[in-house]
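Here is how the chains run, residue by residue.
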Amino acid sequence: MTSFDLIVLGGGPAGYTGAIRAAQIGLNTAIIDKREVLGGTCLNIGCIPSKALLLSSDHFHFARHQAARHGLKFENVSFDLTQMMKRKQEVVRQLTQGLEFLMKKNRITRLFGTGELVAPGKVVVTKKDGTQEELQGRDVVLATGSVPAELPNVTIDRQTVVTSDEALSFNQVPKELVVIGAGAIGLELGSVWARLGSKVTMIEFLPRIAASFDPDVTQVLQKALESEGVKFHLETTVTAVAVGNGNGTAKVDAIDKGKHKLQLSADKVLVAVGRIPYLHGAVAKDLGLKLTERGRVAVDKHYRTNIPGLYAIGDIVDGPMLAHKGEDEGVACVERIAGKAGHVNYDAIPNVIYTNPEVAGVGLTEDLAKQKGIAVKVGKFPFIANGRALANDQPPGFAKILADAKTDRLLGAQIIGFGASELIPEAVTIIEFGGSAEDLGRTVHAHPTMSEAVKEAALAVNNQAFSIPPR
Ligand code: NAI
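Residues numbered from 1 in each chain as written. Predicted model: local features only at pLDDT ≥ 70, side-chain atom pairs only at ≥ 80, totals over all residues. Heavy atoms only, no water.

### Some remarks on the sheet that holds strand 8 (residues 161–162)
Here we have five strands laid out as an open sheet, ordered 8-15-9-10-11, and parallel in their pairing. Whereas interior strands pair on both sides, the edge strands pair on one side only; in this sheet they are strand 8 and strand 11 (231–233). Direction of pairing for strand 8 relative to strand 15 (residues 268–271): parallel, over a ladder of two bridges. In the strand pairing of strand 15, Val162 is matched with Leu270. Helix 6 (residues 184–195) contacts strand 9 (176–180), strand 10 (199–203), strand 11 and strand 15 of the sheet and is inclined by roughly 165 degrees relative to strand 10. (Pairing = 2+ DSSP bridges. Helix = DSSP H or I, 4+ residues; strand = E, 2+ residues; numbered from the N terminus. Contact = heavy atoms within 4.5 Å. Axes fitted to C-alpha atoms, helices over the stretch in contact; angles between N-to-C directions.)

### Side note on the packing of aromatic side chains
Aromatic ring pairs are defined here through the distance separating the ring centres and the angle between the ring planes. Inspection of every chain in the model, using the stated rule, returns two aromatic pairs. Taken together, a centroid distance of 4.8 Å and an interplanar angle of 75 degrees make the contact between Phe60 and Phe79 edge-to-face. Taken as a pair, Phe60 in helix 3 (residues 47–66) and Phe79 in the loop between helix 3 and helix 4 (81–105) lie far apart in primary sequence, 19 residues in all. Between Phe170 and Trp193 the ring centres are 5.2 Å apart and the planes differ by 45 degrees, which places this aromatic pair in the tilted class. With Phe170 in the loop between helix 5 (164–167) and strand 9 and Trp193 in helix 6, this pair connects stretches of sequence that are 23 residues apart. In this structure, Phe170 and Trp193 share a single accessibility class: buried. Taking NZ or CZ as reference, Arg110 lies 4.2 Å from the ring centre of Phe112, over its face. (Phe/Tyr/Trp six-rings, centres within 6.5 Å; stacked < 30°, edge-to-face > 60°. Buried < 20%, exposed > 50% of the residue type's maximum accessible area, 1.4 Å probe, protein only. Lys NZ or Arg CZ within 6 Å of the ring centre and 35° of its normal.)

### Thoughts on the nonpolar core
Core analysis: the largest hydrophobic core is formed by 36 residues, its most contacted members being Leu187, Trp193, Met202, Ile209, Leu221, Phe232 and Leu270. Listing elements by their share of this core, those giving two or more residues are helix 3, helix 4, strand 9, helix 6, strand 10 and helix 7 (215–227). No other element matches the five residues that helix 6 contributes to this core. In contact with Met202, not counting residues within four places along its chain, are Val179, Gly181, Ala182, Gly186, Leu187, Val230, Lys231, Phe232 and His233. (Core = buried A, V, L, I, M, F, W, Y, C linked by side-chain atoms within 4.5 Å.)

### Focus on the site of the ligand
Residues in close proximity to the ligand total 19 residues, the closest being Ile185, Glu188, Glu204, Gly274 and Val352. The side chain of Glu188 places a nitrogen or oxygen atom 2.8 Å from a nitrogen atom of the ligand. Measuring from a nitrogen atom of the ligand, one finds a backbone N or O atom of Val352 at 2.6 Å. Expressed as a share of its isolated accessible area of 830 Å², the protein-covered part of the ligand is 80%. No other element matches helix 6, which puts three residues into the shell around the ligand. (Near = heavy atom within 4 Å. Polar contact = N/O pair within 3.5 Å; in protein donor to acceptor, adjacent residues only side chain to side chain. Areas by Shrake-Rupley, 256 points an atom, 1.4 Å probe, with all protein chains shown as cover.)

In C-alpha cells, the structure reads:
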C-alpha cells in the first residue's frame, strides 16, 4: 500500500489548489480524479468553456448589431459553430494540460479513477479497467464538487432536456430554447444562445432574475438581455416538460404568477436551477459521514468532518458554489492541516455573472443589510457619466458602494457594466483590509478608466462624487 501525507479526492479548483499548496508546504501529496483530466467542472464543463462561448458569441453580436455605430462594416456576418466549439475546447485543453504540468512540477502523485474512503486514512481507487489500488493517507481532503440539480417533475434526457453540461456543446443553434432558472448558469448560457440566434425564454420562480443581487442591478440586466431578444417569465413555476415522440421537441407547461397557464414549445430545454453536492461513492456508508440539513458535508472551522483525518472543502460544504471560494478553502484547509493559520474571509467572496453587461458583487447587498438590520450608506455612480464607458460604447450600468452608516467601513459593492468582473476586486481588497468608502474614494484611479466609476460611487457614499450631483 502506498502512503501519503495527504490524499486529495477530487481534482477541481478546490482539490488541485489544495494539492499544490500541500506540495509547496512539503507534504507528500496524491490527487485522485475520475476524469482523465484535472480541472473539475470549472475547467472542463463550467466557468472556462462558458467564458469562451460568451466571448465568441459577444463578438458575433457586436459585428452584427453594434459595429455599424463605430463605422465598421461587416457584410453578411455569419459564424461557424464547429470552429467556435473547437476554440472553446482548445482553451480547455490548454488549461487542463497546464494543470498536469503543475502536478508534475510540484511532484504530486496523480491517480485516475474513483476514490473511496473505506476507513479513516484509507482510500481505495477503482480505475477504469476495474483494477483497484489501496492508498494510505495521514489526512484526506474531500473535494468532490457538485452536479446540476434536477426538478422533480422534469426528466433530463440530455438530448432535448439538458443541463449546462450539454448546453455548452450543442452542435447546432436551438431555434427555441427554454431556460428554467434565471441564475448564473441560465443567464450566461441563455445569453450565448440568444446572441447566436436562438429564441430564448427564461422561466424563473422568484420575482427577479439573479436574485443574489439588488433589484436595481437586476432590472438593468433584465432590460439589457430583453434588448438582445431574451424573454422572461418571472414568478413562474414549471409544472411539466414533455418531450414529443420522434421529433425531439418539448412542450413546457408552467404557471405564471400563480394564475395564468403558460405553454411554450422548445427544441431544447436547459434546466439551470442550481447545483447539488456530489458525494456519490466517495465515502463508505458505514463511516457515517455527517451532513448538514441542506445536504452539505458538515465541517468545523478547520474543515474537519466527523471522520478522523477527513476534511471537506469546495461545493460539498456550506457557502456559495464558486470555484474561487473552493480554491481559497483548499489553501486554508491544507494550511490548517500543516499547523499554519489558513483562513477564508467569507464576507469578501466576489460573485460574478458574465453576461453583457457583466454583474459583479461582494459583501452586503442593500437587501441583506435591511434583513440583517445593518444601517448602511449607499453611493451609486452610473457608467453613462464615465468617459471611458462612453468611449467604449458601454454606458449601461452603474457601480454601487455600501458602507457602514456610522463607521464608513466598506461592507459591499455591486457593479453592473462592461468588465464588472475586473472592477470588483478593488472593493474586495478594501473589504479584506477593513477599509472605508473614503479610503476607496481617496485612492487615485487612472483616467480614463471605468474604475473611476467605482471611485465615484465610493465618494457618493458621503455625497462627494464629482461628475454627477450628489444623491
Ligand atoms: P443559481 O442558484 O445561481 O440559480 C438558479 C435559479 O433557478 C435561481 O434564480 C432559482 O430561483 C431558480 N429556480 C430554482 N428552481 C426553479 C424552478 N423550479 N423553476 C424556475 N426557476 C427555478 O444556480 P445555477 O445558475 O444553476 O448555478 C449553479 C451554481 O453554479 C451556483 O452556485 C452558481 O453560483 C455557480 N455558477 C457560477 C457562475 C459564475 O460565477 N459566473 C457561473 C455558473 C454557475
